[in-house]
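Residues per chain, in single letters:
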Amino acid sequence: MEKLAFLGLGAMGYPMAGHLAKRFPTLVWNRTFAKALKHQEEFGSKAVPLERVAEAQVIFTCLPTTKEVGEVAEALWPHLRPGTYWVDATSGEPEGSRKLAERLLEKGVVYLDAPVSGGTIGAEKGTLTVMMGGPQEAVERVKPYLAYAAKVVHVGPVGAGHAVKAINNALLAVNLWAAGEGLVALVRQGVSAEKALEVINASSGRSNATENLIPQRVVTRAFPKTFALGLLVKDLGIAMGVLDGEKAPSPLLRLTREVYEMAKRELGSEADHVEALKLLERWGGTEIH
Ligand code: NDP
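- The name given to the protein chain in an unreviewed UniProt entry is NAD(P)-dependent oxidoreductase, and the organism recorded there is Thermus brevis.

Below, the structure written as structure tokens:
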């Protein structure tokens, strides 16, 4: 059976690599190596030094940005073998990924951008959606190994997956913030957030923010840390790059990026993305519950 490798055992990568290791021989590497050893213990993967991941036929990455993916590719460069596929699950940047794909092709390595949606819960359950950019035959070749996915959509050439992911996350940001603004006003008026959400979630204003994020994380005051605010702001920057690259109209998404930049300045990159609503609560002098 072919050998896989997974690099980057963070909030997403750790459970994603777990699904691979349950079904295929899987090498794992992480910058903080203790996490790779813990993964080996928990899932039966094999923790290896970076150069050894080049033994795999399919290399997966799930790192913060395209910059870190480029860095590990350079570190691996002398060891890379022709015929290897590189599946990049990072929410990365389209143009940087096209350059990386060209560079890897010099070694005969085929790069696919394959970012995911579904959050840490989807990663744990193995129900992520994967949006892939790259050549059709390569997509077909790696599809059987995407054991963490419930849905795989081939959206276009290299970079297209990252573009779709960035726009998706921009929509998440809009929905979350807009719902926060509306709920602060309703709570101030004396309507409980719970009642307001009961109506909205049976009506046309509903979104993942109103159905899941706000009731489970804001109303309960739990605010678990699953997806860093700094990473969402990174995605908003990528989305603006996509819009600006096409000279597409973007007044709302531009403003959305600004408010999340502000939230990042106030709350720090490591805050969870949903904590952005704490800023609205502060301004509005009321909590959403
Ligand atoms: P985390 O911050 O939890 O994990 C980041 C991973 O990258 C860790 O394994 C970290 O290693 C590694 N890393 C960081 N910097 C470097 C570096 N310079 N060199 C090598 N490795 C490095 O992030 P997430 O798992 O949340 O996110 C990963 C990607 O997935 C991002 O692109 C994010 O936007 C995307 N994503 C996140 C979702 C979420 O809900 N969290 C949902 C969908 C996509 P170490 O352990 O040493 O710090």
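Brief notes about the site of the ligand
- In the region of the ligand, 25 residues are neighbours, and Ala11, Asn30, Thr32, Lys35 and Thr226 sit closest.
- In the environment of the ligand, an oxygen atom lies 2.6 Å from a nitrogen or oxygen atom belonging to the side chain of Lys35.
- When the free accessible area of the ligand is taken as 900 Å², the share hidden by the protein chains comes to 84%.
- Put simply, the parts of the chain that give the shell around the ligand at least two residues each are helix H3 (66-76), helix H5 (119-125) and helix H10 (229-245).
- Residues belonging to the shell around the ligand are distributed by class as follows: 10 nonpolar, nine polar and six charged.

Some thoughts on the nonpolar core
- In terms of nonpolar packing, the biggest core is built from 39 residues, with Leu176, Trp177, Ile214, Tyr260, Leu277 and Ile288 touching the most fellow members.
- Per-element accounting of this core gives the leading share, 11 residues, to helix H7 (residues 160-189).
- Among all residues touching Leu176, those that are not within four sequence positions of it are Ala209, Leu213, Ile214, Tyr260, His273, Val274 and Leu277.
- Core analysis: the next-biggest nonpolar cluster, separate from the first, contains 35 residues, Phe43, Cys62, Leu128 and Leu146 among them.

Comments concerning a nonpolar patch on the surface
- A cluster of nonpolar side chains, namely Val153, Val155 and Val164, defines an oily patch on the protein surface of about 180 Å² accessible area.
- Among the residues examined, Val155 registers a relative accessible area of 35% and is labelled partly exposed.

Describing the packing of helix H1 (residues 13-23) against helix H2 (residues 33-43)
- Remark: H1 packs on H2, axes separated minimally by 10 Å, with the N-to-C direction vectors making an angle of 40°. By the criterion of interaxial angle, the relationship of H1 to H2 is oblique. Considering how the two elements wind past one another, H1 and H2 form a crossing that is right-handed. In this structure, H1 uses Tyr14, Ala17, Gly18, Ala21 and Lys22 to contact H2, whose residues at the interface are Lys35, Lys38, His39, Glu42 and Phe43.
- Within the contact of H1 with H2, the residues separate by chemical class into four nonpolar, two polar and four charged.

Remarks on helix H9 (residues 208-218)
- Among all positions of H9, only Ala209, Thr210, Leu213, Ile214, Arg217 and Val218 are buried. Along the long axis of H9, the arc covered by the buried residues comes to 125°, so they all point the same way.
- Taken together, the buried residues of H9 touch H7, helix H8 (193-200) and helix H12 (276-284).

Considering the environment of Ser207
- With respect to the secondary-structure elements, Ser207 resides in the loop between H8 and H9.
- Judged by relative accessible area, Ser207 falls into the buried class, the value being 12%.
- For the pair formed by Ser207 and Ala263, sequence separation is 56 residues and the distance between their alpha carbons is 21 Å.

A closer look at the confidence of the model for the protein chain
- Per-chain confidence: the protein chain averages 98 in pLDDT, with 100% of residues scoring 70 or above.
- Interface confidence for the predicted complex, expressed as ipTM, amounts to 0.99; the pTM equals 0.98.

Brief notes about the pairing of strand E8 (residues 128-133)
- Taking burial as the measure, the six residues of E8 include five buried ones, the bulk of the element.
- Judged from the two bridges that link them, strand E7 (residues 116-117) and E8 form a sheet pairing that is antiparallel. Its bridge partner lying in E8, Val116 is registered against Val130.
- Crossover connection from E8 via helix H6 (residues 136-142) to parallel strand E9 (residues 149-156): handedness right-handed.

Analysis parameters
- Per chain, residue numbering runs from 1 following the sequence as it is written.
- It should be noted that, the model being predicted, local features are given only for residues of pLDDT at least 70 and side-chain atom pairs only at 80 or more, the latter also being counted only at that level, while totals for whole chains, interfaces and linings use all residues.
- Remark: hydrogens and water are excluded; side-chain values derive from all non-hydrogen atoms of the structure.
- Here a residue is near a molecule or strand as soon as one of its heavy atoms is found within 4 Å of it.
- Pairs of N or O atoms within 3.5 Å make up the polar contacts considered here, provided that, within protein, one atom can donate a hydrogen while the other can accept it, and that residues adjacent in sequence are counted only when both atoms are side-chain atoms.
- The accessible surface values rely on the Shrake-Rupley method and a 1.4 Å probe; as for residues, cover is taken only from the protein chains in view.
- A run of H or I in DSSP counts as a helix once it spans at least four residues, and a run of E counts as a strand once it spans at least two, with each numbered from the N terminus.
- When residues are grouped by polarity, Ala, Val, Leu, Ile, Met, Phe, Trp, Tyr, Cys and Pro land in nonpolar, Asp, Glu, Lys and Arg in charged, and all others, Gly among them, in polar.
- Think of a nonpolar core as a cluster: buried Ala, Val, Leu, Ile, Met, Phe, Trp, Tyr and Cys residues, connected wherever their side-chain atoms sit within 4.5 Å.
- Only protein chains enter the area calculation, which uses a 1.4 Å probe; residues under 20% of their type maximum are buried, those over 50% are exposed, and those in between are partly exposed.
- Any two residues having at least one pair of non-hydrogen atoms within 4.5 Å are treated as being in contact.
- Like-charged residues are merged into a patch within 9 Å and nonpolar side chains (Val, Leu, Ile, Met, Phe, Trp, Tyr) within 5 Å, provided each residue has over 30% relative accessible area and no salt bridge.
- Salt bridges are defined as contacts in which a side-chain nitrogen from Lys or Arg sits within 4 Å of a carboxyl oxygen from Asp or Glu.
- Lines fitted to the C-alpha atoms define the axes, with helices restricted to the stretch that makes contact. Angles between their N-to-C directions range from 0 to 180 degrees.
- Each angle receives one of four descriptions, namely roughly parallel if under 35 degrees, roughly antiparallel if over 145, roughly perpendicular if within 65 to 115, and oblique otherwise.
- Note on convention: near helix rotated counterclockwise from far helix by under a right angle means a left-handed crossing. Clockwise means right-handed.
- Picture the helix axis, draw a direction to every C-beta atom, and the arc is the one those directions span.
- Scored from 0 to 100, pLDDT records how confident the predictor is in each individual residue.
- Pairing between two strands requires that DSSP report at least two bridges joining them.
- Seen with its strands pointing away from the viewer, a crossover is right-handed if its path from the first strand over the helix to the second goes clockwise.

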